[in-house]
Amino acid sequence: MIDELVEFLGKQNAVVAALFAGLFTWGVTALGAAGVFLFKGVNKKLLNGMLGFTGGVMVAASFWSLLSPAIEMSSGEGFSKVMPSAIGFILGALFIFGLDKLMPHLHLNFLKTEGPKSSLHRTTLLTIAIALHNIPEGLAVGVLFGGAALDVPEASITGAVLLAMGIGLQNFPEGIAVSMPLRRMGLSRWKSFQYGQLSAIVEPVFAVLGAFAVGFFMPILPYALSFAAGAMIFVVIEEVIPETQQEEHSDIPILGFILGFVVMMVLDVALG
């Protein structure tokens, strides 16, 4: 199945392939959000375990799918070889840090609002928060497809497909993590689902932007890959991990993190 998918996307324009991949990751988020139609709630331990899994996938993808190829494709030796990745990584983290400060949003635990003061409803603020944190995932997929289209050895269609699959895996619990709390707040199932899936609408948009940018400016590819990695790591440390440590039984999300990391590592190394 993966071979057929790689062959199909390999025949597409990079922007079109990135769009398909972004729509897939968005669709998996919607699938997770649709759980609100089937269940009254979700066990907190299970949700934390799934969010831990999400963090593990993101960290593994950041290294094997993004940082490692970025370093390998950079020219030079020693410091000159690693500096583009170091600069891109820092800029990616600062990008999400800046968005966190400039955009009003609400964390999953509903305990505090961050960013400028806003009169927006709490549901909107929560959706904005998840959408902000989905931006680097869309960028990562798009940049990798863009690099593969340029025949860069370190960026393959297979690797891009596997990255999209990994992000899709971790988007499923994200959809649940948004829609279920909204349902508990009193929203209808339909509105809870709408907000849950809407949080990932940025992924196909930024996937297209990432592929488009790399296609025009190939020299930025190492910077772009590491930029996406830095942004993803920032999200894991700032949002995902702290959310799983709010309750007792914090060992469950830790085990989930380990599992997610191993799954993504195996997929990328064995198949990529």
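Small disclaimer: the values here were computed from a predicted structure and weren't measured.

What follows concerns the overall build of the protein. Secondary structure summary: the protein contains ten helices and two strands in total. Counting helices and strands in the order they occur from the N terminus, the protein gives α-α-α-α-β-β-α-α-α-α-α-α. A buried classification covers 52% of the 272 residues belonging to the protein. At a minimum sequence separation of 6, the contacts of the protein that also span at least 24 residues come to 78%. A total of about 12200 Å² of accessible surface is found on the protein, and carbon and sulfur atoms cover 71% of it.

The next thing to look at is the confidence of the model for the protein. Here the protein averages 82 in pLDDT, and 87% of its residues register 70 or above. Confidence, read as mean pLDDT per element, is least for strand S1 (residues 105-106) in the protein (60) and greatest for helix H2 (residues 14-33) (91).

This part is about the environment of Ala155. Mapped onto the elements, Ala155 comes out in the loop between helix H5 (122-149) and helix H6 (157-184). Spatially, the C-alpha atoms of Ala155 and Leu225 are 9.8 Å apart, while their sequence positions differ by 70 residues. Excluding residues within four positions of it along the chain, Ala155 makes contact with Leu144, Gly147 and Ala148.

Leu66, Val141, Phe145, Leu163, Leu221 and Leu225 are the most contacted members of the largest nonpolar core, which totals 52 residues. Elements with a minimum of two residues in this core: H2, helix H3 (44-73), helix H4 (79-102), H5, H6, helix H8 (202-216), helix H9 (221-244) and helix H10 (251-271). Those residues within four positions of Phe145 in sequence are excluded, and the remaining contacts are Leu9, Ala14, Ala17, Ala18, Ala21, Ile157, Ala160 and Val161. Ala30, Leu47, Met50 and Met180 belong to the second-largest nonpolar core, a separate cluster that totals ten residues.

Tracing the backbone shows Asp268 in helix H10. Discounting chain neighbours no more than four positions away, the residues touching Asp268 are Trp64, Ser65 and Leu162.

Parameters and conventions
Residues numbered from 1 in each chain as written. Predicted model: local features only at pLDDT ≥ 70, side-chain atom pairs only at ≥ 80, totals over all residues. Heavy atoms only, no water. Helix = DSSP H or I, 4+ residues; strand = E, 2+ residues; numbered from the N terminus. Buried < 20%, exposed > 50% of the residue type's maximum accessible area, 1.4 Å probe, protein only. Contact = heavy atoms within 4.5 Å. Areas by Shrake-Rupley, 256 points an atom, 1.4 Å probe, with all protein chains shown as cover. pLDDT = per-residue confidence, 0-100. Core = buried A, V, L, I, M, F, W, Y, C linked by side-chain atoms within 4.5 Å.

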